[in-house]
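For reference, the chains in residue letters:
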Amino acid sequence: MKISDIKGLDTKELEERLETEVAKLQNIKLNHAITPLENPSLIKAARRDIARMKTELRQRELNK
């Protein structure tokens, strides 16, 4: 997910998307522990997307 897409979302949608991404990451990690993924870089990409979302939420919180 690009930063421009993240900035286009309102705060409520961003929080919901963050929750789903965290759940998705946990699921990917669990599946990877059981059977190795074909593309383990998905874990890295998911972590970075979550970090981008958290950063945007924090910036919005500080700008209030």
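Procedures and definitions
- Residues numbered from 1 in each chain as written.
- Predicted model: local features only at pLDDT ≥ 70, side-chain atom pairs only at ≥ 80, totals over all residues.
- Heavy atoms only, no water.
- Salt bridge = Lys/Arg side-chain N within 4 Å of Asp/Glu carboxyl O.
- Helix = DSSP H or I, 4+ residues; strand = E, 2+ residues; numbered from the N terminus.
- Buried < 20%, exposed > 50% of the residue type's maximum accessible area, 1.4 Å probe, protein only.

Peer 1: Quick question: what am I supposed to make of the pattern of salt bridges here?
Peer 2: Opposite charge on two side chains permits pairing when their charged atoms draw close. In total, this model carries 3 salt bridges according to the counting rule given. With its nearest N and O atoms 2.9 Å apart, the salt bridge here joins R52 to D49. In this pair, R52 and D49 are both assigned in helix 3 (residues 41–62), 3 residues apart and thus about one turn of the helix distant. Taking the relative accessible area as the measure of exposure, R52 reaches 34% and is therefore partly exposed. Taking relative accessible area as the criterion, D49 reaches 13% and is therefore assigned buried. The closest approach of N and O atoms between R60 and E56, which form a salt bridge, is 3.0 Å. On the criterion of helical spacing, the pair formed by R60 and E56 is a turn pair, its members being 4 residues apart in helix 3. In this pair, the class of R60 matches that of E56, namely buried.

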